[in-house]
Amino acid sequence: MSVPVLEVKNLRRDYVSSGGPFRPAKVVHAVKDVSFTLEKGKTLAVVGESGCGKSTLARMITLIDQQTSGEIIVDGATVEARHGVSAALRRKVQIVFQNPYGSLNPRQKIGSVLAEPLLLNTSMSPAERRDKAMTMLLKVGLQEEHFNRYPHMFSGGQRQRIAIARALMLNPSFLVLDEPVSALDLSVQAQILNLLKDLQDEFGLTFVFISHDLSVVRYIADEVMVMYFGEVVEHGSRDAVFEDPQHDYTRTLFAATPRTDISSIKARLARKSAA
Amino acid sequence: MAMLEIKNLTVAFDTAAGLFKAVDGIDVSVDGREVLAIVGESGSGKSVAMLAVMGLLPATATVTADVMNFEGKDLLAMPANQKRAIIGKEIAMIFQEPIASLNPCFTIGFQIEEVLNQHMGLRGNAARQRAVELLQMVGITDGAERLGAFPHQMSGGQCQRVMIAMAIACDPKLLIADEPTTALDVTIQKQILDLLVSLQDRYGMALIMITHDMGVVAETADRVIVQYKGNKMEEADVLSLFENPQSNYTRALLSALPENAVGDRLPTVADFEDTDGGMSR
Ligand SMILES: Nc1ncnc2c1ncn2[C@@H]1O[C@H](COP(=O)(O)OP(=O)(O)O)[C@@H](O)[C@H]1O
Ligand SMILES: Nc1ncnc2c1ncn2[C@@H]1O[C@H](COP(=O)(O)OP(=O)(O)O)[C@@H](O)[C@H]1O
Ligand SMILES: [Mg+2]
Ligand SMILES: [Mg+2]
């Protein structure tokens, strides 16, 4: 078997809030003892409600934030963050955030947003960088004329395409998407989900897809990991988790997810008229 | 006669770029005891249409309608003092963003009691008792202690319950809920939706549920209006809408739901648009 793209062992992150004169210092165990393995070309979905530690996990595996304890292994090599993360390692792990507005520099044209990672990390000529940036721009469904525009001229969905394009410029080993479609309208969400699937098929990309929306997760995931108060309470293939959830919390999540199928609507209306 | 009857509602904003029609000739009617969902993507004019009914739009908005009646009374023509007796009392609205619409500087007790004072003339102990009762009705059982809490000390779901308590404080006949669960986790969303529907049923209110979420529509509505760019695309009872959608746009929305995916790709609204980028009904 090939080496997993990402392996995480007993990962923990505590946040310590400094105490004040009237407040004792408090420790939040944001992520507790999380372990998993991710194979190339797969999508692992991480679900759970707000505050359960999804973004904290995302920041650790993309080496933005250091773990309190535990091990992160990228492409078979253990990350030794204490000695600083090398540029080569840093570009293997990329992240796209929920808010496509906040994560782009308003004064930077899109073309240079995309070319910048190449400028910082490679010795490509300006012409080469431009070519690569343009190719990626088209790849994510934008047009040539967008190259010289500023972020504010784009819609939310287009900005998310730009963020995805930028994250892919350096061929990362895996891409973490932290609630990438949560702020988007349904039709735009569908376009972005399609784009992610197309890119995955074409380049064999590996995704960690964070979401609180189970219908999106069911559509996009190969594997599903359910988090609850910092802990992984369930982890399995998509079909196993959806068809036979083991943990009470997973069942609660499923029960709370709105149903749009005809028989559920009929059942609701029948309950209502019986009451 | 419908409780709320609106015909040909148009709202235009005077903007730097010229006149912008946010709502373009919409009809809405709601009966007592009915749950009407108004669904559409962001910017389709859902909030603006209902803010027009409430008379809460800024001066840059021009509101016109052939008919805008509440229980047969003309909301557009009635004098301001009569309108104040209806708006906020007989018609109440829960606004988008619960935390933003509660005042962070005052306790929730103060804020609920102020509504009771303003619309019902309740003061002191009577107001306090009613506030605790209202919190009880929205599922906050330790209401007496909670009255002293500030909004930031409560979770998003709790704040939304307080907003609902304030909205139902005057026994409204019509409650308009604008995206009441958009910022909430699914488990909390379910509790809030169940709460709204059970209050609607128990107290015989009419409920207008504004949402962009087809799931919320499926879980709450009797009847549905689908809105797109200020226009009504379709109106139907909830079962017909999901079973046999009549407009292209509704079909597009339903097929963009991940749970309706056929094969590996989701159709998008663009797949349903006319060649000129418009949307036919
Ligand atoms: N920088 C931080 N300092 C202190 N606490 C934090 C910080 N970031 C997150 N937390 C806490 O850690 C927990 C998990 O947060 P987060 O990872 O953002 O959850 P999620 O992304 O699932 O909503 C929460 O209790 C949150 O308040
Ligand atoms: N005060 C305003 N001035 C100008 N345009 C406005 C104003 N309020 C809303 N709009 C515009 O009206 C349209 C409809 O907005 P809204 O009713 O809030 O949409 P939604 O369906 O998301 O609730 C949007 O294009 C919005 O930008
Ligand atoms: Mg998060
Ligand atoms: Mg709105």
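What you see is a predicted model, and the numbers here were worked out from it, not measured in a lab.

1. Here's the deal with the sheet that holds strand β3 (residues 43-47) of chain A
Residues and elements named next belong to chain A. The mixed open sheet is built from six strands, whose spatial order is β6-β7-β8-β3-β9-β10. In this open sheet, the two strands that pair with only one neighbour each are β6 (93-96) and β10 (231-237). Sheet twist, expressed as the average angle between the axes of neighbouring strands with direction ignored, equals 20°. Pairing of β3 with strand β8 (residues 207-211), which is carried by five bridges, proceeds in the parallel orientation. What sits directly across from Val47, in β8, is Ser211. Seen against the sheet, helix α6 (residues 186-203) touches β3, β7 (174-178) and β8 and runs at an angle of roughly 165° to β8.

2. Here's the deal with the interface of chain B and chain A
Contacts between chain B and chain A engage 35 residues on the former and 30 residues on the latter. Both faces combined, the contact of chain B with chain A buries some 3000 Å², and carbon together with sulfur accounts for 57% of it. Considering only the surface of chain B that becomes buried against chain A, Asp185, Val186 and Arg265 of chain B emerge as the three largest contributors, covering 19% of it. Taken together, the connections running from chain B to chain A amount to two salt bridges. Among the ionic pairs, Asp222 of chain B bridges to Lys272 of chain A, the shortest N-O distance being 2.9 Å. Linking chain B to chain A there are 15 residue pairs in polar contact (both at pLDDT 80 or more). Listing elements by their share of the side of chain B that touches chain A, those giving two or more residues are α8 (186-202), α9 (214-220) and α10 (238-243) of chain B. No other element matches α9 of chain B, which puts seven residues into the side of chain B that touches chain A. A breakdown of the residues in the side of chain B that touches chain A according to their chemical character gives 19 nonpolar, seven polar and nine charged.

3. A word on the pattern of salt bridges
Using the criterion set out here, one finds 21 salt bridges over all chains in the structure. Between Arg238 of chain A and Asp239 of chain A there is a salt bridge, with the nearest N and O atoms lying 3.3 Å from each other. The class for Asp239 of chain A is partly exposed, based on a relative accessible area of 40%. For Glu90 of chain B, the salt bridge goes to Lys173 of chain B, with nearest N and O atoms at 3.7 Å. A residue pair is termed long-range when its members are at least 10 positions apart, and Glu90 of chain B in the loop between α2 (80-86) and β7 (91-94) and Lys173 of chain B in the loop between α7 (156-167) and β8 (174-178) qualify at 83 residues.

4. Considering the site of ligand 2
All names here are of chain B. In the neighbourhood of ligand 2, the contacting residues comprise Phe13, Phe20, Ala22, Glu41, Ser42, Gly43, Ser44, Gly45, Lys46, Ser47, Val48 and Pro58. One of the backbone nitrogen or oxygen atoms of Gly43 is found 2.7 Å away from an oxygen atom of ligand 2. Of all the elements in the fold, those that place two or more residues in the shell around ligand 2 are β2 (18-30) and α1 (46-54). Looking at the shell around ligand 2 element by element, the count peaks at three residues for α1. Considering only residue class, the shell around ligand 2 consists of five nonpolar, five polar and two charged.

5. Some thoughts on the environment of Asp248 of chain A
Residue and element names in this part refer to chain A. Mapped onto the elements of the fold, Asp248 is located in helix α9 (residues 248-256). For Asp248, a relative accessible area of 55% translates into the label exposed. Between the C-alpha atoms of Asp248 and Glu234, which are 14 residues apart in sequence, the distance is 9.7 Å.

6. Here's the deal with the pairing of strand β1 (residues 4-15) of chain B
All names here are of chain B. Looking at chain direction, β1 and β2 are connected through 10 bridges and run antiparallel. The residue of β2 that forms the bridge with Ile6 is Val28. Remark: two residues form the turn of the hairpin made by β1 and β2, two consecutive strands paired antiparallel. Looking at chain direction, β1 and strand β5 (residues 67-70) are connected through four bridges and run antiparallel. Note on β5: the bridge partner recorded for Lys7 is Val67. As paired strands, β1 and strand β4 (residues 61-64) are joined by four bridges and run antiparallel to one another.

7. Some thoughts on the site of ligand 1
Residues and elements named next belong to chain A. Taken together, Tyr15, Val28, Ala30, Glu49, Ser50, Gly51, Cys52, Gly53, Lys54, Ser55, Thr56 and Arg59 make up the full set of residues near ligand 1. Lys54 places a main-chain nitrogen or oxygen 2.9 Å from an oxygen atom of ligand 1. Starting from 560 Å² of accessible surface for ligand 1 in isolation, the protein chains cover 59%. Top contributing element to the shell around ligand 1 by residue count: helix α1 (residues 54-61), with four residues. Within the shell around ligand 1, the residues separate by chemical class into four nonpolar, five polar and three charged.

8. Remarks on the nonpolar core
In this structure, Leu114 and Ile164 of chain A together with Met214, Val217, Val224 and Phe242 of chain B are the most contacted members of the largest nonpolar core, which totals 63 residues. Among the elements that line this core, the one with the most residues is α6 of chain A, at seven residues. If we ignore the near neighbours within four places in the chain, the residues touching Leu114 of chain A are Ala133, Leu137, Ile162, Ala165, Arg166 and Met169 of chain A.

Parameters at a glance
Residues numbered from 1 in each chain as written. Chains lettered and ligands numbered in written order. Predicted model: local features only at pLDDT ≥ 70, side-chain atom pairs only at ≥ 80, totals over all residues. Heavy atoms only, no water. Pairing = 2+ DSSP bridges. Helix = DSSP H or I, 4+ residues; strand = E, 2+ residues; numbered from the N terminus. Axes fitted to C-alpha atoms, helices over the stretch in contact; angles between N-to-C directions. Contact = heavy atoms within 4.5 Å. Buried area = accessible area lost by both parts, 1.4 Å probe. Salt bridge = Lys/Arg side-chain N within 4 Å of Asp/Glu carboxyl O. Polar contact = N/O pair within 3.5 Å; in protein donor to acceptor, adjacent residues only side chain to side chain. Nonpolar A, V, L, I, M, F, W, Y, C, P; charged D, E, K, R; others polar. Buried < 20%, exposed > 50% of the residue type's maximum accessible area, 1.4 Å probe, protein only. Near = heavy atom within 4 Å. Areas by Shrake-Rupley, 256 points an atom, 1.4 Å probe, with all protein chains shown as cover. Core = buried A, V, L, I, M, F, W, Y, C linked by side-chain atoms within 4.5 Å.

Functional significance is not addressed by these values, which are geometric in nature.
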